[in-house]
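Residue-level listing of the chains:
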Amino acid sequence: MSSENSSQSHETRKPRIAVVFGGRSSEHGISVVTAGAILRAIDRTKYDVLPIGITRDGRWALTADEPDRMGITERRVPSVDQLAESAEGAVILPVEPANREVVYAEPGLVPKALGDVDVVFPMLHGPYGEDGTLQGMLDLAGIPYVGAGVLASAVGQDKEYMKRIFLSFGLPVGPYLVVRPREWEQDEAGARAGIAEFAADHGWPLFIKPARGGSSMGITKVDSFEGLDEAIAEARRHDPKFLVESLLRGREIECGVLEFEDGPRASLPAEIPPVTSHDFYDFEAKYIDSASGIVPAPLTEEETAEVRRLAVAAFEATSCEGLVRADFFLTEDGFVINEINTMPGFTPISMYPRMWQESGVAYPELVDRLIQAALNRSTGLR
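Residues numbered from 1 in each chain as written. Predicted model: local features only at pLDDT ≥ 70, side-chain atom pairs only at ≥ 80, totals over all residues. Heavy atoms only, no water.

Some details on the domain arrangement of the chain
And step 1. As assigned here, the chain comprises domain 1 (16–145), domain 2 (156–173 + 249–376) and domain 3 (176–246).
And step 2. For domain 2 versus domain 3, the separation of C-alpha centres amounts to 25 Å. (Domains from an automatic or database assignment.)

Structure below.
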């Protein structure tokens, strides 16, 4: 970086926000869609923006700042390869805390400095981005970022350990069974016997889902042993560790948590009504067919207060930062927490921004609050 550029202080330039999206997980496409919404919402009078896409094979690409090209068209999600400015160029992040300069390199050309990055907005969903891997890299580099840290991101991605932590903090969790890779690969008959015992105890239908995934991808609802093999294969296509969960009969309720200056607060909750065109609230219902939730959820004052309390309790139990969407079932025995999402979708139809809109925090303010929280947060242990 030239002496002229290096002499610029944070006071004489706008903070630069690197919006990182795409990634290697099966949620690559919806991550691109989410990033497009964020790029539209960031106040360009306050911030400079650097869009960085990670291709499905892991290359960090400099991409066009064109949110209109990042939406779902003809039921197809976009990809970073469609947006990359080069098929070979790579963005290189700094690896030491004293340097925040990002460099862009193409084969045969002199690397180009893209300037310092003040905050990373990681709009990545699923493994290799939302699970603490990217957060750890940014911590090593000393770069602030939006959202949960390494531990909370990892816990929020792994449904087994998420549920274990919820239980340890006294949060209500539904019945579940974990099948780890070694169990399935070395003793498939024993694993099947365990699933059969779980079904005998809790009844059908069961949900078979990847342990570390999101956007309802890889989840199958099975009504008998007949569909079990296909469901397990689909879950293991996304993650070698999978969960078996019983059907919780009740209303699906979601609640957003946002970190304010005085601590985390919960939004008004939303209800996901039964989706008649789908077997459950799966990926297509969420993102392709635009299934809409009811905001605010038609709950009693007592129920609303309780779900908001539980959402904040889940945020605190997992040491989250920035934001969380907490998903619940309201059963005849009360609320049961299903899971949290440490980087929920920000598409125009996503429930998290809709819940905060109804709670008095408009979309641009929501994005700005997350950026400001990251700018004000110390790096390292906290």
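After that view, the rundown keeps rolling.
Regarding the sheet that holds strand β6 (residues 112–116)
And step 1. Ordered in space as β4-β5-β6, the three strands form an open sheet in which the pairing is antiparallel. Strands with a single pairing partner mark the edges of an open sheet, and in this sheet they are β4 (90–92) and β6. On average, adjacent strands in this sheet sit at an angle of 25 degrees to one another, irrespective of strand direction.
And step 2. Bridge count for strand β5 (residues 101–105) against β6 is four bridges, and the pairing is antiparallel. Bridge pairing links tyrosine 104 to lysine 112 in β6. (Pairing = 2+ DSSP bridges. Helix = DSSP H or I, 4+ residues; strand = E, 2+ residues; numbered from the N terminus. Axes fitted to C-alpha atoms, helices over the stretch in contact; angles between N-to-C directions.)

Side note on the pairing of strand β16 (residues 334–341)
And step 1. Counting buried positions along β16 yields seven of eight residues, so the element is predominantly enclosed.
And step 2. Examined bridge by bridge, strand β15 (residues 323–331) and β16 share seven bridges and lie antiparallel to one another. Within β16, the position partnered with aspartate 327 by the bridge is glutamate 339.
And step 3. Hairpin geometry of β15 and β16 is characterised by an intervening segment of two residues between the two adjacent antiparallel strands. (Buried < 20%, exposed > 50% of the residue type's maximum accessible area, 1.4 Å probe, protein only.)

Some points on the UniProt feature "active site" (unreviewed entry) in the chain
And step 1. According to UniProt, the feature "active site" (unreviewed entry) maps to Glu27, Ser215 and Ser350 in the numbering used here.
And step 2. Turning to its location among the elements, serine 350 is positioned in the loop between β16 and α11 (351–358).
And step 3. Here serine 350 falls in the buried class, since its relative accessible area comes to 8%.
And step 4. A polar contact of 3.3 Å, which involves the side chain of serine 350, links it to the backbone oxygen of glycine 345. (UniProt positions renumbered as here; feature names shortened; annotations may be inferred. Polar contact = N/O pair within 3.5 Å; in protein donor to acceptor, adjacent residues only side chain to side chain.)

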